[in-house]
Amino acid sequence: QVQLVESGGGLVQAGGSLRLSCAASGTILSISAMGWYRQAAGKQRELVATITSGGSTNYADSVKGRFTISRDNAKNTAYLQMNSLKPEDTAVYYCNAGLFSFTTRVWQNSWGQGTQVTVSS
């Protein structure tokens, strides 16, 4: 069994910073791309940022220059550093990754349980 667990959400004032973590655990042999998505109340889930296994990154226009995605392959963990936060960044943030299990020998598109980020004005 493989899973993703997010942490690091919370309440912050506008202009502040938060760092989210996403740890993959279980019978993992390999991890492909990892990404962060968010879903605000009443809205569809949207892409925030992705990072490939080789470190190439991609960002939504709304977060470019403010958010930074990174990963530590040795720890099977991805991070999202969020600076200059705005009230419109308020959402539940979800981690996503392709995980290959050495027991099932299949790729699994996995999602974490989500972590709430609230930015007050």
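Scroll up to find the structure this text is about.
What you see is a predicted model; the values in this text were computed from it and never measured.

So, on to the packing of aromatic side chains. Pairs of aromatic rings are described using the distance from one ring centre to the other and the angle between the two planes. One pass over the full model with this rule turns up 2 aromatic pairs. Lying across the ring of Tyr-79, Arg-19 places its NZ or CZ 4.0 Å from the centre. Above the plane of the ring of Tyr-94 lies Arg-45, whose end atom (NZ or CZ) is 3.8 Å from the centre.

This part covers the side chain of Ser-110. The topology assignment puts Ser-110 in strand E10 (residues 107-111). Judged by its relative accessible area of 3%, Ser-110 is buried. Dropping the residues within four chain positions of it, Ser-110 is found in contact with Val-2, Leu-4, Cys-95, Asn-96, Ala-97 and Leu-99.

Once that is clear, we can look at the sheet that holds strand E3 (residues 18-26). Within a sheet, each strand pairs with its neighbour through backbone hydrogen bonds, oriented either parallel or antiparallel. If you walk across this open sheet you meet the 4 strands as E1-E3-E8-E7, and the pairing is antiparallel. This sheet does not close on itself; its edge strands, each paired only once, are strand E1 (2-7) and strand E7 (67-72). Direction aside, the axes of adjacent strands within the sheet are offset by 15° on average. Where E7 meets strand E8 (residues 77-82), 6 bridges bridge the pair, whose relative direction is antiparallel.

Turning our eyes to something else, we now look at the nonpolar core. Within the largest apolar cluster, 30 residues are counted, with the highest numbers of intra-cluster contacts made by Trp-36, Val-48, Phe-67, Leu-80, Met-82, Tyr-93 and Leu-99. When contributions to this core are tallied by element, the ones reaching two or more residues are E1, E3, strand E4 (28-39), strand E5 (46-51), E7, E8, strand E9 (91-101) and strand E11 (115-120). The element contributing the most residues to this core is E9, with 5 residues. Excluding residues within four positions of it along the chain, Tyr-93 makes contact with Glu-6, Leu-20, Trp-36, Tyr-37, Arg-38, Val-48, Phe-67, Leu-80, Met-82, Gly-114, Thr-115 and Val-117.

One can find Ser-53 in the loop between E5 and strand E6 (57-59). Not counting the four nearest positions on each side in its chain, Ser-53 is found in contact with Ile-31, Ser-32, Arg-71 and Asn-73.

Residue placement: Thr-68 occurs in strand E7. A residue is classified by how much of its surface remains accessible, and Thr-68, at 41% relative accessible area, is partly exposed. Dropping the residues within four chain positions of it, Thr-68 is found in contact with Tyr-59, Tyr-79, Leu-80 and Gln-81.

All right, on to the environment of Gln-3 then. Take Gln-3: it is sitting in strand E1. A C-alpha to C-alpha distance of 25 Å links Gln-3 and Asp-89, two positions 86 residues apart in sequence. Setting aside anything within four residues of it in sequence, one finds Gln-3 in contact with Ala-23, Ala-24, Ser-25 and Leu-99.

Turning our attention to the pairing of E1. Of the two faces of E1, the one lined by Val-2, Leu-4 and Glu-6 is fully buried and the one lined by Gln-3, Val-5 and Ser-7 carries no buried residue. As paired elements, E1 and E3 share 6 bridges and run antiparallel to each other. Across the sheet, Glu-6 pairs through a bridge with Cys-22, a residue of E3.

Each value, and the rule that gives it
Residues numbered from 1 in each chain as written. Predicted model: local features only at pLDDT ≥ 70, side-chain atom pairs only at ≥ 80, totals over all residues. Heavy atoms only, no water. Phe/Tyr/Trp six-rings, centres within 6.5 Å; stacked < 30°, edge-to-face > 60°. Lys NZ or Arg CZ within 6 Å of the ring centre and 35° of its normal. Helix = DSSP H or I, 4+ residues; strand = E, 2+ residues; numbered from the N terminus. Buried < 20%, exposed > 50% of the residue type's maximum accessible area, 1.4 Å probe, protein only. Contact = heavy atoms within 4.5 Å. Pairing = 2+ DSSP bridges. Axes fitted to C-alpha atoms, helices over the stretch in contact; angles between N-to-C directions. Core = buried A, V, L, I, M, F, W, Y, C linked by side-chain atoms within 4.5 Å.

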